[in-house]
Amino acid sequence: MSGGLSICGGDMSEAFRFLDSLSANNNRQWFQQHKDDYEAVMRHWLVQLQRLIDAMSEWETRLSGLTAKQCAYRIYRDTRFSPDKTPYKVYLSASFSPRGRMAHAPGYYLQLDSRPGELGLYGGVWCPESAVLAKLRRAVVDNIEEWEELLSEPQLAAGYPGWCGATLKTVPKGWPRNHPQAEYLRLKDFGKFMPLQRETFADPDWPLHVAGMFRPLKPLVDFLQYSIDEDV
């Protein structure tokens, strides 16, 4: 039977303990035996996510009115087309865009993960459709000075170095192989990642701190969004 977690304050330590145990026992029998613990973790997670959304809405007004339930992802894995048949994710995650957890829209993403190197913050656009990706590549090339200026902003450059996501081996068809913006043309995802440690989430006020960590991503997210929305 479940141990009956008692969670108070904003500290996510109990959530990490649950995820660690789930990682070691990723099967339906164990999960059902600990369903009460999972539900307690999720209630706490949603409360803290709402605090985060409210704090982010102070500078990202497009998130105003969003609820935590609109942004949080399920813990259940879709195993139909995956060789990995473990039934549950070993992390909690949420995506923040004007349309909630719409993965292919520019926005912000948080992953509370039991695995080293996977815990952190992400901002940008993930797996855009081919037409959208082509539009973003063209926007970068046509607005390269604005693009490089926003990428060189000190807080963004220091906190979110490099690119996170898939890249092509060569520039896409239709562009010169030696194009001066080849680095950006090869991107299949336009996203930045900041790895974090569990200690960040031991602070009861972590939603306020994480909202501040997300803020340097806003110019990037804005550029991607208005480039997608711009009429051709």
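Residues numbered from 1 in each chain as written. Predicted model: local features only at pLDDT ≥ 70, side-chain atom pairs only at ≥ 80, totals over all residues. Heavy atoms only, no water.

Enquirer: Tell me about the side chain of E60, and please be specific about residues and values.
Expert: Structurally, the position occupied by E60 is in the loop between α3 (35–56) and α4 (68–71). A relative accessible area of 1% places E60 in the buried class. Separated by 2.6 Å, the side chains of E60 and Y108 make a polar contact. With sequence-adjacent residues up to four places away left out, E60 is seen in contact with Y108, K218 and D222. (Helix = DSSP H or I, 4+ residues; strand = E, 2+ residues; numbered from the N terminus. Buried < 20%, exposed > 50% of the residue type's maximum accessible area, 1.4 Å probe, protein only. Polar contact = N/O pair within 3.5 Å; in protein donor to acceptor, adjacent residues only side chain to side chain. Contact = heavy atoms within 4.5 Å.)

Enquirer: Account for helix α6 (residues 144–151), naming residues and giving values.
Expert: Those residues of α6 lying buried are I144, W147, L150 and L151. Buried residues of α6 fall within an arc of 135° about the axis and therefore sit on the same side. Residues of α6 that are exposed and point over 90 degrees away from its buried face: E145 and E149. Where α6 is buried, its residues touch α5 (130–142), α7 (154–159), α8 (182–185), β4 (190–195) and α10 (218–229). (Arc of directions from axis to C-beta.)

Enquirer: So what about the environment of K169? Which residues, and what values?
Expert: In this structure, K169 sits in the loop between α7 and α8. The exposure class of K169 is exposed, given its relative accessible area of 81%. Sequence separation between K169 and V221 is 52 residues, and the spatial gap between their C-alpha atoms is 25 Å.

Enquirer: Provide a residue-level description of the sheet that holds strand β1 (residues 91–96), including the pertinent values.
Expert: One open sheet accounts for four strands, arranged β1-β2-β3-β4; its pairing is antiparallel. The open sheet has two free edges, formed respectively by β1 and β4, since each of these has just one partner strand. For this sheet the average axis-to-axis angle between neighbouring strands, irrespective of direction, equals 15°. Relative to β4, strand β3 (residues 120–125) runs antiparallel, the two being bridged by six bridges. Paired with Y122 across the bridge in β4 is F193. Strands in contact with α3 are β1 and β2 (107–113); relative to β1, the strand with the most contacts, it is inclined by about 30°. (Pairing = 2+ DSSP bridges. Axes fitted to C-alpha atoms, helices over the stretch in contact; angles between N-to-C directions.)

Enquirer: Describe the pairing of β3, with residues and values.
Expert: Counting buried residues along β3, six of its six residues qualify, which places the element largely inside the surrounding structure. The two faces of β3 match: G120, Y122 and G124 on one face and L121, G123 and V125 on the other face are all buried. Pairing of β2 with β3 involves five bridges; the strand directions are antiparallel. Residue pairing in the sheet places Q111 in a bridge with G120 of β3. Counted between consecutive antiparallel strands, the loop separating β2 from β3 contains six residues, among which G117 sits at a positive phi close to 85°.

Enquirer: Quick one: what's the story with the environment of G120, residue by residue and with numbers?
Expert: With respect to the helices and strands, the residue G120 is situated in strand β3. Classification of G120 as buried rests on a relative accessible area of 1%.

Enquirer: Give me the lowdown on the nonpolar core, citing residues and values where you can.
Expert: Looking at soluble globular proteins, one finds that nonpolar side chains tend to be buried together. Counting residues in hydrophobic clusters, the biggest one holds 60 residues, and the most contacted among them are W45, L52, F96, L110, W147, F201 and F214. For this core, the element with the most residues is α3, which contributes nine residues. In contact with W45, other than residues within four places in its own chain, are M12, A72, L92, S93, A94, L110, L112 and W206. Core analysis: the second largest hydrophobic core is formed by five residues, V141, W175, A182 and L185 among them. (Core = buried A, V, L, I, M, F, W, Y, C linked by side-chain atoms within 4.5 Å.)

Enquirer: So what's going on with the pattern of salt bridges? Residues and values would help.
Expert: When the charged atoms of two side chains lie near each other, side chains of opposite charge can form a pair. Throughout the structure, instances matching the rule amount to 11 salt bridges. R51 serves as the salt-bridge partner of D205, at 2.9 Å between the closest nitrogen and oxygen. Of this pair, D205 sits in the loop between β4 and α9 (206–214) while R51 sits in helix α3; the two residues are 154 residues apart in sequence, bridging distant segments of the chain. Of the residues examined, R51 reaches a relative accessible area of 27% and is grouped as partly exposed. Between R77 and D84 there is a salt bridge; the shortest N-O distance is 3.8 Å. (Salt bridge = Lys/Arg side-chain N within 4 Å of Asp/Glu carboxyl O.)

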